[in-house]
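Coordinates in review
What follows is the residue order along each chain.
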Amino acid sequence: IGVIGADVKGHNLPCENQPITSRLAMICGTSSCHMGVSETPIFVPGVWGPYFSAMVPGLWLNEGGQSATGKLLDHMVRGHVAFPELQSRASASAHSIYTYLNSHLDLIKKSLPVGFLTVDLHVWPDFHGNRSPLTDLTLKGMVVGLTLSQGLDELALIYLATIQAIALGTRHILETMEAAGHQISTLFLCGGLSKNPLFVQMHADITGKPVVLSKEVESVLVGAAILGACASGDFPSIQEAMAKMGKIGRVVQPNHEHKRFYDKKYEVFLKLVEHQREYRSIMSSC
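Position numbers for residues start from 1 in each chain and track the written sequence from start to end. Residue-level local features of this predicted model are given only where pLDDT is at least 70; pairs of side-chain atoms are given and counted only at 80 or more, and the full residue set underlies all totals for whole chains, interfaces and linings. The side-chain figures draw on all heavy atoms in the structure; neither hydrogens nor water molecules are used.

Under the annotation held in an unreviewed UniProt entry, the chain carries the name FGGY protein and is attributed to Ceyx cyanopectus.

Notes on the overall build of the chain
Filter applied, for reference: Secondary structure elements follow DSSP: runs of H or I no shorter than four residues count as helices, runs of E no shorter than two count as strands, and numbering proceeds from the N terminus. The rule is simple: take the accessible area with a 1.4 Å probe, protein chains only, and divide by the maximum for that residue type; under 20% is buried, over 50% is exposed, in between is partly exposed. Contacts between residues were defined by any pair of non-hydrogen atoms, one from each residue, lying within 4.5 Å.
Secondary structure summary: the chain contains 8 helices and 9 strands in total. With respect to the three principal axes, the spread of C-alpha positions in the chain is 60 × 55 × 35 Å. Here the chain holds 286 residues, and 50% of them are scored as buried. In the chain, of all internal contacts separated by at least 6 residues, the share reaching a separation of at least 24 is 71%.

Considering the sheet that holds strand β3 (residues 48–52)
Heads up, the rule is: Should DSSP find at least two bridges between two strands, the strands are taken to pair. A fitted line through C-alpha atoms represents every axis, and for helices the fit uses only the stretch in contact; the resulting angles, taken between N-to-C directions, go from 0 to 180 degrees.
If you trace the 7 strands from one edge of the open sheet to the other, you get β3-β4-β2-β1-β7-β8-β9, paired in mixed fashion. Among the strands making up the open sheet, the edge pair consists of β3 and β9 (248–252). Adjacent strand axes in the sheet meet at a mean angle of 25 degrees when their direction is disregarded. In the sheet, strand β2 (residues 32–38) pairs with strand β4 (residues 60–66) via 7 bridges, with the strands oriented antiparallel. Residue Val37 lies in a different strand from β4, and its bridge partner there is Leu61.

Describing helix α5 (residues 197–207)
Rule in force here: Whenever a nitrogen or oxygen atom comes within 3.5 Å of another N or O atom, the pair is scored as a polar contact, on the condition that within protein one atom can donate a hydrogen and the other can accept it, and that pairs from neighbouring residues in sequence are kept only if both atoms are in side chains.
Along α5, 9 of the 11 residues are buried, which leaves the element largely enclosed by surrounding structure. Put simply, Asn196 is the residue that caps the front of α5, since its side-chain oxygen is 3.0 Å from the backbone nitrogen of Leu198. Positive backbone phi, approximately 75 degrees, marks Gly208, located one or two places after α5.

Some details on the side chain of His258
With respect to the helices and strands, His258 occurs in the loop between β9 and α8 (259–284). The contacts of His258, once residues within four sequence positions are left out, are Pro113, Phe116 and Asp205.

Here we look at the packing of aromatic side chains
When we look at a pair of aromatic rings, we describe it by the centre distance and by the angle of the planes. The test is simple: Pairing of aromatic rings covers Phe, Tyr and the six-membered ring of Trp, with a centre-to-centre limit of 6.5 Å; geometry is then stacked below 30 degrees between planes, edge-to-face above 60, and tilted otherwise. Ring-over charges, as used throughout, are those where CZ of Arg or NZ of Lys falls within 6 Å of the ring centre and within 35 degrees of the ring normal.
For the coordinates displayed, the defined rule picks out 6 aromatic pairs. Summarising the aromatic geometry, the rings of Phe116 and Phe261 are spaced 4.2 Å apart at their centres and angled 20 degrees between planes, so their arrangement reads as stacked. Highlighted residues: Phe116 in the loop between α3 (97–108) and β5 (122–124) and Phe261 in helix α8, separated in sequence by 145 residues. Among the aromatic side chains, those forming a connected cluster through ring pairs are Phe116, Phe261 and Tyr262. When the ring centre of Tyr266 is taken as reference, the NZ or CZ atom of Arg171 above it lies at 4.2 Å.

Details of unusual backbone geometry
Backbone torsion omega between Gly49 and Pro50 reads 5 degrees, so that peptide bond is classified as cis. Of note, the bond from Ser132 into Pro133 is cis; its omega dihedral lies within 30 degrees of zero at 0 degrees. Note that Pro133 resides in the loop between β5 and β6 (142–144). Even without being glycine, Asn12 reaches a positive phi, approximately 55 degrees. When you line up the elements, Asn12 lands in the segment before β1 (23–28). Located in the positive-phi region is Asn17, a residue other than glycine, with phi close to 65 degrees. On the secondary structure map, Asn17 appears in the segment before β1. Residue Asn17 is classed as exposed on the basis of its relative accessible area, which comes to 68%.

Printed below as a string of structure tokens:
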């Protein structure tokens, strides 16, 4: 509630003058949660809920999620053979390892959009099982397109492909929620991963929806303050407190020129889990 109910007037967003049910809040940290509300109960396969008044009073909450997001990025980056080199270079430039990786991707992209660097590299991100929308804890992670190269360029590419895989997983959750009846036009992101501009842009480009970031970085604290303000009687409702206390910091628009590329990436993404289940079926018959 610290981010999803902010006043969006003047930001040219599709959710302006629309009910809060057109918004999805994402809390992106070690794992990620996808929180959407509806006026009537919507039962979404593989997504928790609906829960009445669990987030916004009077509305029904559905919660999707990904078991490993920030943790997965750490696992992929820190486990790579080129990580010591990355750590040394990032330290020398006084940047975090992820800021350095983002700048390194800008160096190697040449004339291509940075996201297109993974045309031959694909990740299925369920290294810790799938929470939503497949609810399959037995699923494993997959990486397709590896070579023998082990340098910093390759580390940057696997980092990018993992971010894209997480965003593709969000798209999978969104499409499942929308097929069940949700009508979501705008994403509202908070949490540690929302501080990474590449992570945010990939979510906008891959879902095709604008992403709103809170002015206050620690949005969960804003949510706690909103509850306190209502409990003390400063606001008559959670909804009014959200509109007054939640502030928009930045809006990231999707690049629709890249839609065809990410639609193809999404096709590959869904094929990965299809083949994984096929392999498991073959092996179980042994």
